Amino acid sequence: MRRFFISLIFLFLVSGIFAQPIPEDSLYLGQTRPTNTVTIFQLPTTTGLRPVERIAISSDGKEIYYSELNRWPATNCRIKCFRYVNNAWQGPAVVFEGFVAPALSPNDSI
């Protein structure tokens with residue numbers, strides 16, 4: 001039991017040393033920090049389109065995928081992506097045309 005607690009303390013110390021802070025202006029894609037008041041998280045979309053379905057976040061938290069479309073059934077839809085590079089979020093960039101509902105495989109390869 002003692003080894004367990006020592007290992008747990010060591011884990012917390014190591015994770016605190018190697019954790020890399022995200023700059024304040026990059027938190028929440030530059031939007032207001034969440035509070036107890038319900039607010040809509042605004043994802044940027046192309047004029048005439050709206051964000052729909054779900055978002056997919058990579059396991060390292062550095063890529064966010066979401067879809068947008070014009071109506072249902074969709075005649076214009078795409079998947080966009082934000083990437084966290086050099087301590088800032090970049091995007092959104094269109095990564096797929098004609099698809100909605102992004103999802104990632106467990107190892108983020110697909």
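One structure accompanies this document, and this report is about it. Since we're looking at a predicted model, the values are computed, not measured.

### Let's talk about the pairing of strand 4 (residues 88-97)
Phase 1: Pairing analysis gives seven bridges linking strand 3 (residues 77-85) to strand 4, with the strands arranged antiparallel. When the sheet's bridge partners are listed, Lys80 is paired in strand 4 with Val94.
Phase 2: Counting the residues in the hairpin turn of strand 3 and strand 4 gives two residues, including Asn86, whose phi is positive at 55°.

### A word on the sheet that holds strand 2 (residues 63-69)
Phase 1: Strand order in the open sheet formed by four strands is 1-2-3-4, with antiparallel pairing between adjacent strands. Strands with a single pairing partner mark the edges of an open sheet, and in this sheet they are strand 1 (50-57) and strand 4. Looking at each pair of strands side by side, their axes are set apart by 25° on average, direction ignored.
Phase 2: Alignment of strand 1 against strand 2, held across six bridges, turns out to be antiparallel. Within strand 2, the position partnered with Ile55 by the bridge is Tyr66.

### Some details on the packing of aromatic side chains
Phase 1: Overall, the coordinates contain three aromatic pairs when judged by the stated rule.
Phase 2: Centre to centre, the rings of Phe96 and Phe99 are 6.2 Å apart; their planes meet at 75°, and the pair counts as edge-to-face.

### A closer look at the pattern of salt bridges
Phase 1: Inspection of every chain in the model, using the stated rule, returns four salt bridges.
Phase 2: Glu63 is the partner of Arg83 in a salt bridge, and the nearest nitrogen-oxygen pair spans 3.2 Å. One end of the pair, Arg83, is in strand 3; the other, Glu63, is in strand 2, with 20 residues separating them in the sequence.
Phase 3: For Glu63, a relative accessible area of 24% puts it in the partly exposed group.
Phase 4: With its nearest N and O atoms 3.6 Å apart, the salt bridge here joins Lys80 to Glu68. Taken as a pair, Lys80 in strand 3 and Glu68 in strand 2 lie far apart in primary sequence, twelve residues in all.

### Focus on unusual backbone geometry
Phase 1: Pro73 follows Trp72 through a cis peptide bond whose omega is 0°.
Phase 2: By the element assignment, Pro73 lies in the loop between strand 2 and strand 3.
Phase 3: Cis rather than trans, the peptide bond between Gly91 and Pro92 has omega equal to 10°.
Phase 4: Inspection of the secondary structure puts Pro92 in strand 4.
Phase 5: Positive phi outside glycine occurs at Ala101, with the angle close to 60°.
Phase 6: Along the chain, the position of Ala101 falls in the segment after strand 4.

Conventions adopted
- Residues numbered from 1 in each chain as written.
- Predicted model: local features only at pLDDT ≥ 70, side-chain atom pairs only at ≥ 80, totals over all residues.
- Heavy atoms only, no water.
- Pairing = 2+ DSSP bridges.
- Helix = DSSP H or I, 4+ residues; strand = E, 2+ residues; numbered from the N terminus.
- Axes fitted to C-alpha atoms, helices over the stretch in contact; angles between N-to-C directions.
- Phe/Tyr/Trp six-rings, centres within 6.5 Å; stacked < 30°, edge-to-face > 60°.
- Salt bridge = Lys/Arg side-chain N within 4 Å of Asp/Glu carboxyl O.
- Buried < 20%, exposed > 50% of the residue type's maximum accessible area, 1.4 Å probe, protein only.

Any functional reading would require information that these geometric values do not contain.
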